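What follows is each chain in one-letter form.
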Amino acid sequence: MASACTHDDAHNTTSPTYKKAKKRYLKTIGNRPQNQESDWTPFRAAEKKFKARFPPPDLSRVLDLAVYDDSRATELARGGWGGAIDCVEHRAIPLLSSANATKSVSKVAFTFPSVPGLIEQDFFAQNPIDTLRLPGLVLLPGYLSHQDQRDLVRWSLRDHARYPNETNLDTHYLIPETGLWDAYLHALQDVSHPDELQPKASSIPIETVPVEKPGPRQLISNEAADKNNYLELSSTAKLPPPPSLTVKPASPISLLPKLRWANIGWYYHWSSKQYDFARGKIEVSEVIKGVCQRAVGSVDWEEVYRDDQSDWGPDGPGWKDWQETYEPDAGIVNFYQTKDTLMAHVDRSEVCATSPLVSISLGCAAIFLIGGDTRDTEPIPILLRSGDVVIMSGPGCRRAYHGVPRILENTLPPHFDVLDEDPQDWKFYQEYLRTTRVNINVRQVFPKDFDPQFESEGQ
Ligand SMILES: O=C(O)CCC(=O)C(=O)O
Ligand SMILES: [Fe+2]
């Protein structure tokens, strides 16, 4: 197992990072109430374990499929973080060599044996991690070429995180239509006179800023969408989130690390956790659609669902038609700085409840947790590295709790390093990526060729 350490990594006991984490840890345990752990769900306990800065979490039972690939040895050594392949049962299935699949670098996918009933039967077994079955979860480690990874990072930052796609920063700041990345590059060129971005609240009359009602926070029902209720869900008023009244003008340089997400396709309304179909749809970029459709097209679904006995509902096992019916229409690009996490959640706002969700990892590596239909199932920890693709599909896996409790420091792979022949601007992407993970998370909300506007008019 790779264990080479860089000078300043979390495992090197003499490094500043280690010493700082230890100091902070000793301070926090002094203030921590006793017995806090007893009411954590197994999912919460796993999140806490992997979030810990000190001592750095033990990854010896984290599934790290890059271990199979000798060409990734240098990548595995970065940061001193490495998992194992003998901790979670998995099965290799060759990628299909159809026209759709030819662009991939790796030739293999991994799936998880689906033996119905085992979760319940073995619930009290010694090691529940080994008994959680996730039919429909497919991992494609190293699926994207180094060049494709670089291109997708550029696409995410420069082309996609800008008008007309929404980002988290648009709620509070007036971001130029050319996007934050472009503003950032300009600011770097002229650090002495950077243009500051103005708070959004400054541009709207104060009385029109929607104000949240006082009192306890409104609970969000987050009812799962389906063909029968999506019209009702989409008809509820979807107010824009209120811009902050306290943010100050800020330079693009200080805002870039605060970029957290950029919307893809149908607009997502975060406070109601529903899509806002009334706002119309932005077509998913052909680049992204292509990657996702190739990935789905390269999986031998017959093999994945070989022993599956899940209930797929009245239309039966949809996987049989995915070559024709899979077409993503929504999603999100997540940008994580090394301190960011994504709490356990289920993505249930899509009407297509079983169709593949394709998730692409770029930049720094992360721990991904995936469990069952409640937080009470102990999740499987998986180390996701740049170029890996995860597909969550089918009734069980698509509605499984999952989250990202940790971005692993110092894990940017060597293929992002700046080379002499690189375009001038590559160094800015590389610098940003040193502390960043990008995740392109793509979903199918509606069946192919289904037009919600048309459906509602036809009612
Ligand atoms: O970052 C990831 O790998 C997962 C992101 C995710 O679950 C989401 O965006 O819903
Ligand atoms: Fe998710």
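Residues numbered from 1 in each chain as written. Chains lettered and ligands numbered in written order. Predicted model: local features only at pLDDT ≥ 70, side-chain atom pairs only at ≥ 80, totals over all residues. Heavy atoms only, no water.

The protein carries the name Fe2OG dioxygenase domain-containing protein in an unreviewed UniProt entry, which gives Meripilus lineatus as its organism.

**Student:** Outline the coordination of the iron ion (ligand 2), listing residues and values.
**Tutor:** Binding of the iron ion (ligand 2) to the protein goes through His345 (NE2), Asp347 (OD) and His402 (NE2), at separations of 2.1 to 2.2 Å. Binding-site remark: the iron ion (ligand 2) is held by donors from one chain whose sequence spacing is H-x1-D-x54-H. Of this pair, histidine 345 sits in strand E8 (residues 342–345) while histidine 402 sits in strand E13 (residues 402–407), and the two are 57 residues apart along the sequence. On the basis of relative accessibility, which here comes to 6%, the residue histidine 402 falls in the buried class. (Donors = N, O, S within 2.8 Å, 3.2 Å for Na, K, Ca; no water. Helix = DSSP H or I, 4+ residues; strand = E, 2+ residues; numbered from the N terminus. Buried < 20%, exposed > 50% of the residue type's maximum accessible area, 1.4 Å probe, protein only.)

**Student:** Now, about helix H9 (residues 286–297): what can you tell me, with residues and values included?
**Tutor:** Every α-helical turn comprises 3.6 residues, leaving residues that sit three or four positions apart pointing alike. Helix length check: H9 (twelve residues) gives 16 Å between terminal C-alpha atoms against 16 Å at 1.5 Å per residue, within 8%. With nine of twelve residues buried, H9 is to be regarded as a mostly interior element. Two to three positions downstream of the cap, the backbone nitrogen of valine 287 sits 3.1 Å from a side-chain oxygen, assigning the N-cap of H9 to serine 285. (Expected span 1.5 Å × (residues − 1). Polar contact = N/O pair within 3.5 Å; in protein donor to acceptor, adjacent residues only side chain to side chain.)

**Student:** So what's going on with a positive patch on the surface? Residues and values would help.
**Tutor:** A cluster of like positive charges, contributed by Lys20, Lys23, Arg24, Lys27 and Lys339, occupies part of the molecular surface. Lysine 27 gets classed as exposed once you look at its relative accessible area, which sits at 63%. (Patch = residues over 30% accessible without salt bridge, like charges linked within 9 Å, V, L, I, M, F, W, Y side chains within 5 Å. Areas by Shrake-Rupley, 256 points an atom, 1.4 Å probe, with all protein chains shown as cover. Salt bridge = Lys/Arg side-chain N within 4 Å of Asp/Glu carboxyl O. Lys, Arg positive; Asp, Glu negative; His and termini not counted. Charge placed at Lys NZ, Arg CZ, Asp CG, Glu CD.)

**Student:** Which residues make up the site of ligand 1, and what are the values?
**Tutor:** In the vicinity of ligand 1 lie 13 residues, with Asn334, Tyr336, His402, Arg437 and Arg443 positioned nearest. Histidine 345 places a polar side-chain atom, nitrogen or oxygen, 3.0 Å from an oxygen atom of ligand 1. Between aspartate 347 and ligand 1, the recorded distance is 3.2 Å, taken from a side-chain N or O atom to an oxygen atom. Of all the secondary-structure elements, those providing two or more residues to the shell around ligand 1 are strand E7 (330–337), E8, E13 and strand E14 (436–443). Element by element, the count of residues in the shell around ligand 1 is highest for E14, at four residues. Among the residues forming the shell around ligand 1, the class breakdown is four nonpolar, six polar and three charged. (Near = heavy atom within 4 Å. Nonpolar A, V, L, I, M, F, W, Y, C, P; charged D, E, K, R; others polar.)

**Student:** Can you break down the sheet that holds strand E11 (residues 380–384) residue by residue, with the values?
**Tutor:** Pairing in this open sheet of four strands is antiparallel, and the strands run E8-E13-E10-E11 from one edge to the other. Each edge of the sheet is formed by a strand with only one pairing partner; in this case those strands are E8 and E11. Averaged over neighbouring strand pairs, the angle between their axes works out to 25° when direction is ignored. Inspection of the sheet shows E8 paired to E13 by two bridges, in the antiparallel sense. If you follow histidine 345 over to E13, its bridge partner there is histidine 402. Those strands touched by helix H2 (residues 42–51) are E8, strand E10 (366–370), E11 and E13, and its axis lies near 15° from that of E13. (Pairing = 2+ DSSP bridges. Axes fitted to C-alpha atoms, helices over the stretch in contact; angles between N-to-C directions. Contact = heavy atoms within 4.5 Å.)

**Student:** Describe in detail the environment of aspartate 86, supporting the description with residues and values.
**Tutor:** Its place among the elements puts aspartate 86 in the loop between helix H3 (73–77) and strand E1 (91–94). Among the residues examined, aspartate 86 registers a relative accessible area of 67% and is labelled exposed. C-alpha separation for the pair aspartate 86 and leucine 63, spaced 23 residues apart in sequence, amounts to 7.6 Å.

**Student:** I'd love a proper account of the environment of serine 271, names of residues and values included.
**Tutor:** The residue serine 271 is located in the loop between strand E5 (268–269) and strand E6 (274–275) in this model. Owing to a relative accessible area of 43%, serine 271 belongs among the partly exposed residues under this scheme. Here the alpha-carbon distance between serine 271 and leucine 239, two residues 32 residues apart in the chain, equals 8.8 Å.

**Student:** Explain the pattern of salt bridges to me, and be specific about the residues and the numbers.
**Tutor:** By the definition in use, this model includes 21 salt bridges. Two residues, arginine 78 and aspartate 417, come together in a salt bridge whose shortest N-O distance is 3.3 Å. Placement of the pair is arginine 78 in the loop between H3 and E1 and aspartate 417 in the loop between E13 and helix H13 (426–433), with a sequence separation of 339 residues. With its nearest N and O atoms 3.5 Å apart, the salt bridge here joins glutamate 303 to arginine 306. The exposure class of glutamate 303 is partly exposed, given its relative accessible area of 25%. Residue class for arginine 306 comes out partly exposed when judged on its relative accessible area of 47%. Here the salt bridges do not stand alone but share partners, grouping Arg91, Glu303, Arg306 and Asp307 into one network.

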